[in-house]
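Structure assessment
Read off the chains here:
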Amino acid sequence: MPATTINEQGPGSAHTRAAAPGTRWLEAYRDPASRLIGEALGSTFAWERLAVLTDTIGNRLSGTPALDRAIQWAAAEMTRDGLDNVHTERVMVPKWVRGAESAEVVDPVRHAIAMLGLGDSVATPGDGVQAEVVVVHSFEELDANAPAARGRIVLFNVPFTSYGETVRFRSAGPSRAARHGAVAALVRAVGPAGLRTPHTGALQYAADAPKIPAAAISTEDADRLQRMVDRGTRVVVRLKMEAHFEADAPSANVVGEIRGREKPDEIVVVSGHLDSWDVGAGATDDGGGCVVTWEALRMMKKLNLRPRRTVRVVLWTNEENGGRGGLGYRDQHRSELSKHVLMLESDGGVFRPLGFGFSGSDGARETVRAIATLLTGIAADQINPGGGGADIGPSMQEGHIPGMSLDVDGSKYFLIHHTHADTIDKIDPVEMAKCAAAVAVMAYVVADLPQRLGE
């Protein structure tokens, strides 16, 4: 960012003239940044708003009445906050229904298994699938022992290392097993060992393989099956699932704005996804991300901070099992993507903030790094590579838009991710407030810069 004096309509220019030439532009933002941080940390408003969402509406799977209620609630609350241009943008979404489900060992002794069907899975026959279990620890082991999979239930017992590495067994494992004649697939929970909590999440069926039912099981149950097989015991499991798709359902992204005072057609997007899986309360994934990005606008409005450009909050629909919200936004806003200055997504939890991931030009990165120094007091000043998100990705790619993600201490995130344990009691109100402060400062300054980010 060049050393440009801030317009008198913006933050005070006296600090600008006193600053060192290389950071002159930044000085004008110290006061508004301090006000935003103070507002965020001065109450538990963000946490309380999330509590209302999760306590009164709960989890919000695409196509359900719960998600519809959440969309209506969010739009009404944004209007109450006084945001500009509050509206919803219709998107058709897939409607996957879990139905009743269970898994149990039936031989050598009956034993219930803690399970969750994988999102988008097909059902078993009405009386279930019953077969011997074969355990594998990699795709290569499965391929090398292909005959053993035929007519059996394949268990991918792969301990969690990182989400990026381990999630492939959930997403691609069922089709890999089906190619070798498996009748069902089980996947060790994609997360660290918890208290017998299976993790759901979407699978992706391959076009060239039969569709077989698939479920996640807890780490404890996976280890028990492993021990039995290691002792040479023949283990038979019965899996029952009623999962199915119904016709696509209407849904919507929720949009609100702080309209820019000088360049309202240039846009900074902050966002989270409002849908969740149908277990827990969708607090960390991603109700918290919705609220902290929304908070950025609410606090700007309350403090009468109106930046040069428009700041737009988008609460996405259908991130979990379709991505239709992000695709719909790209399609509906195609003509204005070139006017998007930055798109930010918070979808990694609202634990202790560390800073942001950023994807963009070197010049833009240097500006963002400078802005992040305004967050040193809350230790949220890191700028790391790889900013983006599933929902903002389609627009970023088509519009060549810089992307950003809120980076937090993720040590607890995957313990509760996609589980019954994703409830608000896992979230600390002060950490959540700091997340809101970080997003607000970054969004406000980028939106108010005299020149567009990266220019």
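Since the structure is predicted, the reported quantities are computational estimates derived from the model, not experimental observations.

Parameters at a glance
Residues numbered from 1 in each chain as written. Predicted model: local features only at pLDDT ≥ 70, side-chain atom pairs only at ≥ 80, totals over all residues. Heavy atoms only, no water. Helix = DSSP H or I, 4+ residues; strand = E, 2+ residues; numbered from the N terminus. Buried < 20%, exposed > 50% of the residue type's maximum accessible area, 1.4 Å probe, protein only. Contact = heavy atoms within 4.5 Å. Areas by Shrake-Rupley, 256 points an atom, 1.4 Å probe, with all protein chains shown as cover. Lys, Arg positive; Asp, Glu negative; His and termini not counted. Charge placed at Lys NZ, Arg CZ, Asp CG, Glu CD. Pairing = 2+ DSSP bridges. Phe/Tyr/Trp six-rings, centres within 6.5 Å; stacked < 30°, edge-to-face > 60°. Lys NZ or Arg CZ within 6 Å of the ring centre and 35° of its normal. Expected span 1.5 Å × (residues − 1). Core = buried A, V, L, I, M, F, W, Y, C linked by side-chain atoms within 4.5 Å. Salt bridge = Lys/Arg side-chain N within 4 Å of Asp/Glu carboxyl O. Polar contact = N/O pair within 3.5 Å; in protein donor to acceptor, adjacent residues only side chain to side chain. Axes fitted to C-alpha atoms, helices over the stretch in contact; angles between N-to-C directions.

The subject of this paragraph is the overall build of the chain. A count of helices and strands for the chain gives 16 helices and 16 strands. Considered along the principal axes of its C-alpha atoms, the chain spans approximately 80 × 40 × 40 Å. In the chain, which comprises 455 residues, the proportion classed as buried is 58%. Counted over contacts in the chain with a minimum sequence separation of 6, partners at least 24 positions apart contribute 81%. If you sum the accessible surface of the chain, you get close to 16,800 Å²; carbon and sulfur atoms cover 51% of it. Charge separation in the chain, taken as the distance between the mean sites of 48 positive and 57 negative side-chain charges, equals 1 Å.

In any sheet, the strands associate via hydrogen bonds between backbone groups, in a parallel or an antiparallel arrangement. If you trace the eight strands from one edge of the open sheet to the other, you get 3-2-9-5-6-7-8-4, paired in mixed fashion. Two strands in the sheet have a free side with no partner beyond their single neighbour: strand 3 (111-112) and strand 4 (115-117). Sheet analysis places strand 7 (residues 184-188) next to strand 8 (residues 214-217), joined by four bridges and oriented parallel. Paired with Arg 188 across the two strands is Ile 217, which belongs to strand 8.

In this section: the packing of aromatic side chains. The way to describe two aromatic rings as a pair is by their centre distance and the angle between their planes. Counting across every chain of the model gives 10 aromatic pairs. Here the aromatic rings of Trp 73 and Trp 294 are separated by 5.6 Å at their centres, their planes lie at 70°, and the arrangement is edge-to-face. On the criterion of sequence distance, the pair formed by Trp 73 in helix 5 (residues 65-81) and Trp 294 in helix 11 (residues 283-302) is long-range, its members being 221 residues apart. There is no split in this pair, since Trp 73 and Trp 294 are both buried. Relative to Phe 169, the ring of Phe 156 lies with its centre 6.1 Å away and its plane at 40°, an arrangement referred to as tilted. Taken together, the positions of Phe 156 in strand 6 (residues 153-156) and Phe 169 in helix 8 (residues 163-171) put the pair 13 residues apart, joining distant regions of the chain. According to the relative accessible area criterion, Phe 169 is buried, its value standing at 3%. Within the aromatic cluster, the residues linked to one another by ring pairs are Phe 160, Tyr 163, Tyr 413 and Phe 414. Between the NZ or CZ atom of Arg 298 and the centre of the ring of Phe 45, over which it lies, the distance is 3.7 Å.

Further remarks concern helix 5. Turn by turn, an α-helix covers 3.6 residues, leaving residues three or four places apart pointing in a common direction. The terminal C-alpha atoms of helix 5 lie 24 Å apart, and with 17 residues this matches the ideal 24 Å at 1.5 Å per residue to within 8%. What helix 5 keeps buried is the set Ala 66, Leu 67, Ala 70, Ile 71, Trp 73, Ala 74, Ala 75, Glu 77, Met 78 and Asp 81. Packed against the buried residues of helix 5 are helix 4 (45-56), strand 1 (84-97), strand 10 (244-258), helix 11 and strand 12 (309-316). Once helix 5 finishes, Gly 82 follows within two positions and takes phi at roughly 85°, a positive value.

Note: strand 1 against strand 10, 11 bridges, orientation antiparallel. The residue bridging Thr 88 from the neighbouring strand is Val 254, located in strand 10.

Next up on the list: the pairing of strand 5 (residues 129-136). With respect to burial, strand 5 is a largely interior element, six of its eight residues being buried. Sheet topology places strand 5 next to strand 9 (residues 236-241); four bridges connect them, and they run antiparallel. Bridging from a neighbouring strand, Gln 130 pairs with Arg 238 of strand 9. Where strand 5 meets strand 6, four bridges bridge the pair, whose relative direction is parallel. In the sheet register, Val 134 faces strand 6, and the bridge partner there is Val 154.

Moving on: the nonpolar core. Residues Leu 274 and Phe 356 are the most contacted members of the largest nonpolar core, which totals 83 residues. Discounting chain neighbours no more than four positions away, the residues touching Phe 356 are Leu 344, Leu 375, Gln 382, Ile 383, Asn 384, Met 404, Ser 405, Leu 406, Asp 407, Ala 438, Val 439 and Met 442. The next biggest cluster of nonpolar side chains, apart from the first, holds 28 residues, and it includes Ile 113, Ala 184, Met 228 and Val 237.

Attention now moves to the side chain of Glu 345. Residue position: Glu 345 is located in strand 13 (residues 340-345). Despite its burial, Glu 345 pairs with no opposite charge, the nearest such side chain being Arg 60 at 12 Å. A polar contact of 3.1 Å, which involves the side chain of Glu 345, links it to the backbone nitrogen of Asp 391. When sequence neighbours within four positions are dropped, the list of residues in contact with Glu 345 reads Ser 271, Trp 316, Gly 388, Gly 389, Ala 390, Asp 391, Ile 392, Met 404, Ser 405 and Leu 406.

Another point: the sheet that holds strand 16 (residues 403-408). The strand order 1-10-12-11-13-16-14-15 describes an open sheet built from eight strands, whose pairing is mixed. Among the strands making up the open sheet, the edge pair consists of strand 1 and strand 15 (382-385). This sheet shows a mean twist of 25° between the axes of neighbouring strands, independent of strand direction. Sheet topology places strand 14 (residues 353-359) next to strand 15; four bridges connect them, and they run parallel. Among the inter-strand pairings, Gly 357 is bridged to a residue of strand 15, identified as Asn 384. This element, helix 5, spans strand 1, strand 10 and strand 12 of the sheet and lies at about 10° to strand 10.

Following Asp 107, the chain continues to Pro 108 via a peptide bond in cis, the omega torsion being 20°. Within the secondary structure, Pro 108 sits in the loop between strand 2 (101-107) and strand 3. A cis amide bond links Asp 285 with the next residue in sequence, Asp 286, at an omega value of 5°. Here Asp 286 shows up in helix 11. Despite not being glycine, Asp 120 has its phi angle at roughly 75°, a positive value. Mapped onto the fold, Asp 120 is located in the loop between strand 4 and strand 5. Note on Asp 120: relative accessible area 14%, which makes it buried. The phi torsion at Ala 379 lies on the positive side, around 55°, for a residue other than glycine.

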